[in-house]
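Residues per chain, in single letters:
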Amino acid sequence: MPITSQPFGCTRDGRAVTEYRISNANGMSVSVLSYAASLRAIVVPDREGRPVDVALGYDTVAEYEDDACFFGNLVGRFANRLRKARFSLDGKTWQLVPNEGENHLHGTYCNRVLEGRPEGNSLIFTFLSPDGEEGYPGNLNVRYSYTLTEDNRLILDYQAATDRPTIVNLTNHAYFNLSGHGAGDILDIELQLNASRFTEGDAENLLTGRILPVEGTPFDFRTPKPIGRDLGADHPMLRSASGYDLNMVLDAPGLDAPAARAFSPRTGITMDYYTTQPGTQFYSGNFVIAADGVTPRNGKGGAQYGRHSAFCLESQHYPCSPDFPDFPSVVLRPGETYHETAVYRFGVR
């Protein structure tokens, strides 16, 4: 089916926002906004064939502008955290804009309005992130696309090139609830993560540089278990984050075998996740609530999103990577192409 589009509203400064819809013949569809190339909805059939929207989102542009959760956003130039909003490259230290206390989190791509270009069953966004934006060096040309296949694979493809040495770490911040975006918490969702190690974080969720085994910790998802089973375990990284919010070191990154599998016992919906990147931020929606820290957040269609009402699997290189030379490199140089892919494949059982 062709990709359709319709107006979604305007930003406060008058920029028009478009909603695009990609569909396949199996009853699956994906809705994407030109605001931050945001993944607004993922509709898949459940075990009874009924359509279920498994992605959290909003009904208005204003809610996306005010959102502190990055619902479905393309984030960058560097996804996740950089300590004290700076990094060193080739002997020079670059100071970025701090946006989470003294630190830098995700960047400003989540505030852009982009123009989508349909090509077959793909929706493509291209834009320039200029030299000096937020303090980053280099003009970065970004190409980001969504593709929906007939076997219910949602493919997210990231490409970038620069005219000056810089750092790049792009991801999508989709929030999933395989029981339905308004179905309550995700504590009974069964998750398997093919990750034998994780990167240790401190009380600010900044990395210490240590890579530790999941064996004997609440972070061991090598065999499927409900997300809520060990959520209340006595571990400093769980306490400081009010749940799961950590980078998992994947055993075998690539597109041949899933890095993770999730399943809802309520709907029967499954999601297999693949990524070419070495890490994945596993987040259990610890702060998907209103600003007062208690009241549920208003979501699309009148849904109420409370704490732990979704989970994220954000494909990425490790947070704070420039601080640790042994981590996989996030440096991009002129003449090189940054190219990473993530796939979410949906089904039922």
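Refer to the preceding data block for the structure.
For clarity, every value in this text was computed on a predicted model and none was experimentally measured. (Residues numbered from 1 in each chain as written. Predicted model: local features only at pLDDT ≥ 70, side-chain atom pairs only at ≥ 80, totals over all residues. Heavy atoms only, no water.)

Undergrad: How should the overall build of the protein chain be read in this particular structure?
TA: Helix and strand content of the protein chain: two helices and 29 strands. In summary, the protein chain has a C-alpha radius of gyration of 19 Å against a globular reference of 20 Å for 349 residues, a match within 12%. If one aligns the C-alpha atoms of the protein chain with their principal axes, the spans along those axes are about 60 × 50 × 45 Å. Counting all 349 residues of the protein chain, 58% fall into the buried class. Excluding contacts between residues fewer than 6 apart, the proportion of contacts in the protein chain whose partners are at least 24 apart in sequence is 66%. Carbon and sulfur atoms make up 49% of the accessible area of the protein chain, which totals about 13500 Å². Averaging the positions of the 31 positive and the 42 negative side-chain charges in the protein chain gives two centres separated by 1 Å. (Helix = DSSP H or I, 4+ residues; strand = E, 2+ residues; numbered from the N terminus. Rg over C-alpha atoms; globule rule 2.2 N^0.38 Å. Buried < 20%, exposed > 50% of the residue type's maximum accessible area, 1.4 Å probe, protein only. Contact = heavy atoms within 4.5 Å. Areas by Shrake-Rupley, 256 points an atom, 1.4 Å probe, with all protein chains shown as cover. Lys, Arg positive; Asp, Glu negative; His and termini not counted. Charge placed at Lys NZ, Arg CZ, Asp CG, Glu CD.)

Undergrad: Whenever I open this one, the pairing of strand β11 (residues 116–119) confuses me. Can you help?
TA: On a regular strand, one side chain projects to one face of the sheet and the next to the other, so that they alternate. Two strands pair when backbone bridges link them, and β11 and strand β12 (residues 122–129) are joined in this way by four bridges, in the antiparallel orientation. Each bridged residue has a counterpart across the sheet, and for R117 the counterpart in β12 is I124. The turn joining β11 and β12, which pair antiparallel and follow one another in sequence, is formed by two residues; a positive phi near 65 degrees is taken by G120. (Pairing = 2+ DSSP bridges.)

Undergrad: Even after reading the chapter, I still don't get the sheet that holds strand β27 (residues 312–316), so can you show me in this structure?
TA: Two pairing modes exist for strands in a sheet, parallel and antiparallel, and in both the strands are linked by backbone hydrogen bonds. Strands sit in the order β19-β18-β21-β24-β27 across an open sheet of five strands; the sheet is antiparallel. Taken across any chain shown, the strands that pair with only one partner, and hence form the sheet edges, are β19 (207–213) and β27. Strand after strand, the sheet turns through a mean of 30 degrees between neighbouring axes, direction not considered. Pairing between strand β21 (residues 245–249) and strand β24 (residues 279–283): five bridges, direction antiparallel. The residue bridging D245 from the neighbouring strand is Y283, located in β24. (Axes fitted to C-alpha atoms, helices over the stretch in contact; angles between N-to-C directions.)

Undergrad: I tried to follow the nonpolar core on my own but got confused; where do I start?
TA: A general feature of soluble globular proteins is that nonpolar side chains tend to end up buried together. In this structure, I42, Y146, F282, F311 and F346 are the most contacted members of the largest nonpolar core, which totals 65 residues. No other element matches strand β13 (residues 140–148), which puts five residues into this core. Y64, C69, F71 and V288 belong to the second-largest nonpolar core, a separate cluster that totals 18 residues. (Core = buried A, V, L, I, M, F, W, Y, C linked by side-chain atoms within 4.5 Å.)

Undergrad: Can you walk me through the pairing of strand β8 (residues 86–89) in this structure?
TA: On β8, burial follows the alternation: F87 and L89 on one face are buried, whereas R86 and S88 on the facing-out side are not. Looking at chain direction, β8 and strand β9 (residues 92–95) are connected through four bridges and run antiparallel. When the bridges of β9 are listed, S88 appears paired with T93. Hairpin connection of β8 to β9: two residues between the antiparallel strands, including D90 at a positive phi of 55 degrees.

Undergrad: Is there a simple way to explain the environment of A160 in this structure?
TA: Looking at where A160 falls in the secondary structure, it is placed in strand β14 (residues 153–162). The class for A160 is buried, based on a relative accessible area of 3%. In this structure, the C-alpha to C-alpha distance between A160 and A233, residues 73 residues apart in sequence, is 40 Å. Discounting chain neighbours no more than four positions away, the residues touching A160 are L140, N141, V142, L332, E336, T337 and Y338.

Undergrad: Just to check I follow, could you spell out the pattern of salt bridges for this structure?
TA: Side-chain pairs of opposite charge can arise whenever the charged atoms involved come near each other. A full pass over the atoms with the stated rule returns 25 salt bridges. Residue R12 pairs with D66 through a salt bridge whose shortest N-O separation is 2.8 Å. You can see R12 sitting in the loop between β1 (4–10) and β2 (16–23) and its partner D66 sitting in helix α1 (residues 61–66), a full 54 residues away along the chain. Accessibility classification places R12 together with D66 in one group, the exposed group. When the shortest N-O distance is used, the salt bridge between K225 and D230 registers 2.5 Å. Here the salt bridges do not stand alone but share partners, grouping R12, E65 and D66 into one network. (Salt bridge = Lys/Arg side-chain N within 4 Å of Asp/Glu carboxyl O.)

Undergrad: Help me understand the packing of aromatic side chains, please; the structure alone is not making it clear to me.
TA: In this description, an aromatic ring pair is defined by two values, namely the gap between the centres and the angle between the planes. Evaluated as defined, the whole model comprises 22 aromatic pairs. Cation over ring: K92 sits above W94, and NZ or CZ is 4.1 Å from the ring centre. Above the plane of the ring of F221 lies K225, whose end atom (NZ or CZ) is 4.3 Å from the centre. (Phe/Tyr/Trp six-rings, centres within 6.5 Å; stacked < 30°, edge-to-face > 60°. Lys NZ or Arg CZ within 6 Å of the ring centre and 35° of its normal.)

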